[in-house]
Amino acid sequence: MQTKWTPYPWVCFSMCVGVMGTALASPLYPIYQQAWGLQPSHITQIFVAYMFGALASLLFLGRLTDRFGFMAVLRAGLILMTLGVGSSALAWDVPSFSVCRFIIGVASGMITTSASVGMTRLNNKGDLQRAAATTSLTIAFGFGLGPVVGGLMAQWVPAPLTTAYLPSLALGLLAIYALFQLRLPEQPSPSGTAAPRFSFKDVQPALSQPRKPFVRHYALGCMAAFSAFGMFSLFASLAPSFMEHMVPWHGPAVSGLSIGIILFLSAIVQLIARPYATKGVAIGGFFALMACNLLLLLNTFAGSPWLFALCVVATAAGHGMCNLAGMSIVNKVSKPASRTGLLSTYLIVGYLGTIVPILGLGWLSDAIGLTRALIVFCICLGLLTAFLGAMCMRARVLPIPRQ
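These numbers were taken from a predicted model, which means no experiment stands behind them.

*Asks:* Kindly report on the overall build of the protein chain, identifying the contributing residues and their values.
*Replies:* Across its full length, the protein chain holds 15 helices and zero strands. Buried positions account for 54% of the 403 residues belonging to the protein chain. When the accessible surface of the protein chain is split by element, carbon and sulfur atoms take 69% of a total near 17800 Å².

*Asks:* Tell me about the environment of P252, residues and numbers included.
*Replies:* Within the fold, P252 resides in helix α11 (residues 252–273). By relative accessible area, P252 is classed as buried at 12%. Between the alpha carbons of P252 and V148 there is a distance of 8.8 Å; along the sequence they are 104 residues apart. When sequence neighbours within four positions are dropped, the list of residues in contact with P252 reads P27, I31, G151, A154 and Q155.

*Asks:* I'd like a description of the nonpolar core, backed by residues and values.
*Replies:* With 96 residues, the main nonpolar core has Y165 and M231 as its most contacted residues. Not counting residues up to four positions away in its chain, the partners in contact with Y165 are L24, A25, L28, Y32, V85, S88, A89 and F97.

*Asks:* Tell me about the environment of F70, and name the residues and values.
*Replies:* Structurally, F70 is set in helix α5 (residues 70–88). Take F70: its relative accessible area is 5%, and that puts it in the buried class. Taking the C-alpha atoms as reference points, F70 and A115, 45 residues apart in sequence, are found 6.7 Å from one another.

*Asks:* If you had to explain the packing of aromatic side chains to someone new, which residues and values would you point to?
*Replies:* What characterises a pair of aromatic rings is the spacing of the ring centres plus the angle enclosed by the ring planes. On inspection of all chains with the given rule, the structure shows seven aromatic pairs. One aromatic cluster in this structure is built from Y32, W36 and F97. Directly above the ring of F180 sits R75, whose terminal nitrogen or CZ lies 4.8 Å from the centroid.

*Asks:* Before we move on, can you summarise unusual backbone geometry with the specific residues and values?
*Replies:* Backbone geometry at A159 places phi at a positive 50 degrees, although glycine is not the residue there. Inspection of the secondary structure assignment puts A159 in the loop between α7 (128–156) and α8 (160–163).

Calculation criteria
- Residues numbered from 1 in each chain as written.
- Predicted model: local features only at pLDDT ≥ 70, side-chain atom pairs only at ≥ 80, totals over all residues.
- Heavy atoms only, no water.
- Helix = DSSP H or I, 4+ residues; strand = E, 2+ residues; numbered from the N terminus.
- Buried < 20%, exposed > 50% of the residue type's maximum accessible area, 1.4 Å probe, protein only.
- Areas by Shrake-Rupley, 256 points an atom, 1.4 Å probe, with all protein chains shown as cover.
- Contact = heavy atoms within 4.5 Å.
- Core = buried A, V, L, I, M, F, W, Y, C linked by side-chain atoms within 4.5 Å.
- Phe/Tyr/Trp six-rings, centres within 6.5 Å; stacked < 30°, edge-to-face > 60°.
- Lys NZ or Arg CZ within 6 Å of the ring centre and 35° of its normal.

This is how it looks when you write it as structure tokens:
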């Protein structure tokens, strides 16, 4: 007997639960480090394995939603995510855990893409801006909920490397069950056929560049994502390791809460900054990221919890404003026919921001120590964001092209 389930809230729930598993492991990294005798480079490699999975999903699976419909892809993504989370609880070394994180990355890309499309299509009021805001908040809440729950479980529950994954696993099973109970309004299949066939064209990367007058603006938007993703990844991968010298409280609950707070505050900043001009938001975002790097650099010597709190707030502000400005620029420089390719390129540059700097930081930490490597990271990213902020100040106001 089929029960009538309302699709929209369950798609929101599924997206939240799906992305919850992505950052859940962040507060657990020091425990893995101690249990397996890992170096900082091992932690960054495990973290980057997820990003490679998300990047592969974005490059090769982005068209599946258009081909087979968002519900089929969302179900497959959630099943894959639940398998990845369950396997993470059973991982025994770096290679096995890295494979689990790669699977979670692939699933994350499938979930965010398909659920975003689904939430837009199921929005009964037809307000696309409201649907976009709901999507952004749902993603931020899910990402933030993961490290908070994982950190709290690891702090007070025995066998944290296994039990910390149980809440996400249980919610994932509930979301899968709910999605298979949903019955959507009848629509023609995206490909125009009753049973679309899978072809090589469906997994070809769809990358593009904007029209010539907007290349500089688009490049600044992509670098906004690169900078924001890179700064957040520093906290998500190595914050539990360097926080012990900066705050008097220790443990996975503290690091998990700090990572969650960045994402929660980032979502609030995006809501507040939404009515303001894109140029001003981008400038504010770049200089906020410059400020957080400066504060973190100072705090490597001062070890002040207040400076660290200011650094977290500045990171959240920069993360929120840079992401908002970057997405706004993509929407302004693209036409409907080119939007998917430009968005894919934008996100790929953002994911590269999580891969290249963090891998470099991990390898440098092995050579000269985490503190010195952190100083180099803050100087490089601080100078980069200051330069990008100055470039934004010199850029002309971006007109909205005709569609």
